[in-house]
Amino acid sequence: MLNIILFGPPGAGKGTQSAKLIDKYAFTHLSTGDIFRSIKKSGSDLGKEVCSYMDKGNLVPDELTIRVLEAEVNMHIHPVGFIFDGFPRTAAQADALDKFLAGKEWKIDAMIALEVDDEELRKRLVLRGKDSGRADDIDPKTIENRIQVYKRDTAPLKNFYEAQGKYRGVNGVGSLDEIFHNICKVIDTL
Ligand code: AMP
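Here is a short report on the structure shown in this document. (Residues numbered from 1 in each chain as written. Predicted model: local features only at pLDDT ≥ 70, side-chain atom pairs only at ≥ 80, totals over all residues. Heavy atoms only, no water.)

Points about the site of the ligand
Phase 1: The environment of the ligand is made up of 16 residues, and the closest members are Thr32, Asn58, Gly86, Arg89 and Gln93.
Phase 2: Within the side chain of Arg134, an N or O atom sits 3.4 Å from an oxygen atom of the ligand.
Phase 3: According to the grid-proximity analysis, the pocket containing the ligand is the largest pocket.
Phase 4: Here the shell around the ligand takes four residues from helix α2 (residues 32-41), the largest share from any one element. (Near = heavy atom within 4 Å. Polar contact = N/O pair within 3.5 Å; in protein donor to acceptor, adjacent residues only side chain to side chain. 1 Å grid on protein atoms, 1.4 Å probe; cavity = no way out; pocket = protein on both sides within 12 Å on 5 of 7 lines; lining within 4 Å. Sits in = over half its atoms within 2 Å of the grid points. Helix = DSSP H or I, 4+ residues; strand = E, 2+ residues; numbered from the N terminus.)

Printed below as a string of structure tokens:
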């Protein structure tokens, strides 16, 4: 079993590269952003609560996020491995994930980080907003907030996984195939 965190700021290309990785390696893709978008769509009270954070570009509270993620993992009995996309995003989530996986005698094997500079991210998010119609990709203030939240709460997780010898940086700028090739090179060493 191989469990990988695909890490990087909003707009780094985590979703796109995850889709290519599940094709090649048959991993289970777990994107908390996708899960929250489907909860939001349901229009339930929980959906409204989630929406109030997402649409401003803020993080959904840890307790709820961890609960949702764990329930999703528990639905898979004999997984080949997971790609965690957009999770963990805080120190509390990283801690909870380690403990949760340890309880199943599983672990994270690597954090693969897509490294993309801020200017490129802003350009990509605006373009994506035009295509996808995602509320949090349209308003420049929301985009800026998501980048700042990433820097403040999420980027420091690099140190957490570096201390465990699991951090692997990959250049996230280039053609999709080039980036994919570089991610695969890392995975094939694991
Ligand atoms: P994403 O598609 O990964 O960019 O996530 C979209 C939005 O969902 C984020 O801006 C957050 O509001 C929420 N979200 C996704 N993953 C998490 C997480 N791990 N912790 C808290 N909020 C999250």
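Quick look at the sheet that holds strand β1 (residues 4-7)
Phase 1: Strand order in the open sheet formed by five strands is β2-β3-β1-β4-β5, and the pairing between neighbours is parallel. Single-partner strands in this sheet number two, and they are β2 (28-31) and β5 (167-171). Put simply, the sheet's adjacent strands are angled 20° from each other on average, direction ignored.
Phase 2: By the bridge criterion, four bridges tie β1 to strand β4 (residues 110-115) in an arrangement that is parallel. Its bridge partner lying in β4, Ile5 is registered against Met111. (Pairing = 2+ DSSP bridges. Axes fitted to C-alpha atoms, helices over the stretch in contact; angles between N-to-C directions.)

Thoughts on the pairing of strand β3 (residues 82-85)
Phase 1: Side chains Phe82 and Phe84 project from β3 onto one buried face, and the interleaved Ile83 and Asp85 project onto a second face that is buried too.
Phase 2: In terms of strand pairing, β1 meets β3 through three bridges, oriented parallel. Along β3, the bridge assignment pairs Ile5 with Phe84.
Phase 3: As defined by bridge partners, β2 adjoins β3 across four bridges and the pair is classed as parallel. Each residue of the ladder has a partner; that of Ser31, found in β3, is Asp85. (Buried < 20%, exposed > 50% of the residue type's maximum accessible area, 1.4 Å probe, protein only.)

Examining empty space enclosed by the protein
Phase 1: Inspection of the entire model under this criterion finds one cavity of 30 Å³ or more.
Phase 2: Its boundaries defined by the atoms lining it, the largest cavity holds a volume of some 50 Å³.
Phase 3: Considering the residues around the largest cavity, the lining is formed by Leu6, Phe7, Gly8, Lys14, Gly86, Phe87, Pro88, Arg89, Tyr150 and Thr154.
Phase 4: Put simply, the parts of the chain that give the lining of the largest cavity at least two residues each are β1 and α7 (140-154).
Phase 5: Split into classes, the residues belonging to the lining of the largest cavity amount to five nonpolar, three polar and two charged. (Points joined across faces, edges and corners; volume = space filled by probe spheres on them. Nonpolar A, V, L, I, M, F, W, Y, C, P; charged D, E, K, R; others polar.)

Notes on the packing of helix α4 (residues 62-74) against helix α5 (residues 91-102)
Phase 1: Relative to each other, α4 and α5 sit at 30°, their axes nearing to 10 Å. One element, α4, and the other, α5, form an angle in the roughly parallel class. Note on packing geometry: the crossing formed by α4 with α5 is right-handed. Mapping the contact onto sequence places Asp62, Thr65, Ile66, Leu69, Glu70, Val73 and Asn74 in α4 and Ala92, Gln93, Ala96, Leu97 and Phe100 in α5.
Phase 2: Looking at side-chain class alone, the contact of α4 with α5 contains seven nonpolar, three polar and two charged residues. (Parallel < 35°, antiparallel > 145°, perpendicular 65-115°, else oblique. Left-handed = near helix turned anticlockwise from the far one by under 90°. Contact = heavy atoms within 4.5 Å.)

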